[in-house]
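Geometric and topological summary
So you can see what is in the structure, the chains are spelled out below.
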Amino acid sequence: MDKTSTTEPQMSQKTKMTPLPVLEEYCISPHHGFLDGRLPLTRLTSEKYTRWEEIVAQLPSLLQDGSRVRTAIDELEVLALDDTILGDVRELRRAYSVLGFMAHAYVWATGTPRDVLPECVAGPLLHAADILGVPPLATYSSLVLWNFKIADEYRQTESRCLDLENITTINTFTGTVDESWFYLVSVRFEKIGSSCLNHGLQILRAIRDGDDNKAVTDGLEKLAAAIKRLSRALMEMETKCEPSVFYFKIRPFLAGWTNMSHLGLPQGVKYGAEGQYKIFSGGSNAQSSLIQTLDILLGVKHSANAAHSSKANQKVNYLDEMKKYMPRQHREFLYHLASVCNIREYVSANASNEPLQRAYGHCVDMLQKFRDNHIQIVTKYIILPSNSKQEDSNKKGVLSPIEPNTKAGDSSGPKTASCKTIGTGGTKLMPFLKQCRDETIATGGGKN
Ligand code: HEM
Ligand SMILES: N[C@@H](CC(=O)c1ccccc1NC=O)C(=O)O
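Residues numbered from 1 in each chain as written. Chains lettered and ligands numbered in written order. Predicted model: local features only at pLDDT ≥ 70, side-chain atom pairs only at ≥ 80, totals over all residues. Heavy atoms only, no water.

The name that an unreviewed UniProt entry assigns to the protein is Indoleamine 2,3-dioxygenase, with the source organism given as Saccharomyces uvarum. The Catalytic activity (unreviewed entry) field of the UniProt record for the protein holds the comment "L-tryptophan + O2 = N-formyl-L-kynurenine". (UniProt positions renumbered as here; feature names shortened; annotations may be inferred.)

What to know about the overall build of the protein
The helix and strand inventory of the protein stands at 20 helices and five strands. Taking all 448 residues of the protein together, the buried fraction comes to 56%. Considering only contacts within the protein whose residues lie at least 6 apart along the sequence, 78% involve residues at least 24 apart. Total accessible area on the protein stands at roughly 19,400 Å², and carbon and sulfur atoms take up 51% of it. (Helix = DSSP H or I, 4+ residues; strand = E, 2+ residues; numbered from the N terminus. Buried < 20%, exposed > 50% of the residue type's maximum accessible area, 1.4 Å probe, protein only. Contact = heavy atoms within 4.5 Å. Areas by Shrake-Rupley, 256 points an atom, 1.4 Å probe, with all protein chains shown as cover.)

So, the side chain of asparagine 171
Position of asparagine 171 relative to the elements: it lies in the loop between strand S3 (167-169) and helix H9 (177-208). Judged by relative accessible area, which is 6%, asparagine 171 ranks as buried. One polar contact links asparagine 171 to arginine 94, side chain to side chain, over a distance of 3.0 Å. Excluding residues that lie within four positions of it along the chain, asparagine 171 makes contacts with Val56, Ala57, Arg94, Phe101, Asn147 and Tyr183. (Polar contact = N/O pair within 3.5 Å; in protein donor to acceptor, adjacent residues only side chain to side chain.)

Focus: the coordination of the iron atom of ligand 1
Here the protein supplies the iron atom of ligand 1 with just one donor, His374 (NE2), and that contact is 2.1 Å long. Following the sequence through the fold, histidine 374 ends up in helix H17 (residues 354-387). (Donors = N, O, S within 2.8 Å, 3.2 Å for Na, K, Ca; no water.)

Observations concerning the side chain of arginine 93
Here arginine 93 shows up in helix H6 (residues 89-108). There is a polar contact of 2.8 Å between the side chain of arginine 93 and the side chain of aspartate 36. Contacts of arginine 93, omitting those with residues within four sequence positions, involve Cys27, Asp36, Leu132 and Trp146.

Topic: the state of the cysteines
All told, the structure shown has zero disulfides when counted by the stated rule. In this structure cysteine 161 is a free cysteine whose sulfur lies 15 Å from that of cysteine 196, the closest cysteine sulfur available. (Disulfide = S-S within 2.5 Å.)

Things to note about the site of ligand 1
Taken together, 28 residues lie near ligand 1, and Asn285, Arg371, His374, Gly425 and Thr427 sit nearest. Contact between ligand 1 and asparagine 285: a nitrogen atom at 3.4 Å from a side-chain N or O atom of the residue. Within the side chain of arginine 371, a nitrogen or oxygen atom sits 2.7 Å from an oxygen atom of ligand 1. Placement of ligand 1 is best described as lying within the largest cavity. Listed by contribution, the elements that provide at least two residues to the shell around ligand 1 are H9, H17 and helix H20 (429-443). Take the shell around ligand 1: its biggest share by element is seven residues, from H17. Within the shell around ligand 1, the residues separate by chemical class into 18 nonpolar, nine polar and one charged. (Near = heavy atom within 4 Å. 1 Å grid on protein atoms, 1.4 Å probe; cavity = no way out; pocket = protein on both sides within 12 Å on 5 of 7 lines; lining within 4 Å. Sits in = over half its atoms within 2 Å of the grid points. Nonpolar A, V, L, I, M, F, W, Y, C, P; charged D, E, K, R; others polar.)

Written out as structure tokens, the structure is:
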């Protein structure tokens, strides 16, 4: 095909007919992406729920002696969600966040996890989660998206734009700067990544409008630069979050209740004494809609993997499963975007346009680099500390790190930490992360 060809690539009728998604219709902000345009509420307005807020604010001290947090939660009155919460999505998100913190603190407070949540947490948590379309435990949404605030109100500028140098977390389990920073890195990542959404939609518009290849190429170059900024945001983790603090103090509270029989939760967690056992993955950045948006935009396909540790003989597509852990509107945005996205098709159909091929290739390279950098971070924050656990776990106040179920019938001999360690999301993390990276590479430069 000649370089100036304006031939429209073949697209399915559906791709052509369905309108492109409008960010605001999915609670997504053009300036702040999946963080939403308005700041999260820092506490529930109704005084009825003051005790919930007090407990969550005191978690770092209550968790010094895990039994204290369980007693405090057991003594709570059973409260339903009232109209102040049900009538306002920010109140609902705050309730979900507070209840998720309480649920994880209750289950993981001591070396012996509790497998039954009391009704005072289970009832309202199930209700809030159901309305928001998320599972009833702490997720990326409750810990990151809906858990940050302005640090210094007096420093706030007139601009509607979030000042990333002036934010802090609302709640943490440990009260450490490291934990705050761990969540804030992802808040920064979501804000910085909002430009990817705008560039992506612009590219799709240019393709639809039949603009020349140059408009698409420019859009792709801007997208590649934006993905590069995400890698920088990720590597900021090392500035204020110490790997051993993360691994031994913070991470034990982030685990969910899937594949945890070896830690005493064979059936997951029961929601209320009269309730049912349920199994859910813990919080993970795999629940961030941003990276999944990039995969859709660039046409990166992830296959089912055996890397999910809870389904030893069954292949599941973990990233697809994690869509169910995103807020309902964000999940629906991803489905809508996937139904209209034809960037890779367009690039393939214009195979002789070198600048276009290069620009698309840059985007894929940047996403691959992001995944490579992430593997480095995971090595530093999980694999290396897990190798040093013998000496560290003797220290007072150190909870059980999240380890794989070594009694699960895998008789293939000793394994290195990198292939047996599991993520809070329940994956055999290194095989899974490498598969994600390799599938990005396999996307190539738009060929085939
Ligand atoms: C100390 C910091 C971090 C650690 C230890 C870590 C660890 C992990 C692990 C173990 C997984 C596998 C899923 C699971 O089982 O949980 C995962 C997935 C993922 N993480 Fe992280 N993560 C960290 C920070 C981040 C940050 C800050 C970002 C984004 C800026 C990020 C982006 C992702 C993505 C996108 C996935 C899904 C896999 C993929 O799409 O490649 N992670 N992470
Ligand atoms: N999957 C990670 C944890 C993780 O990435 C995470 C967990 C809860 C909330 C946010 C997370 N990611 C970074 O902000 C782990 O296995 O340690």
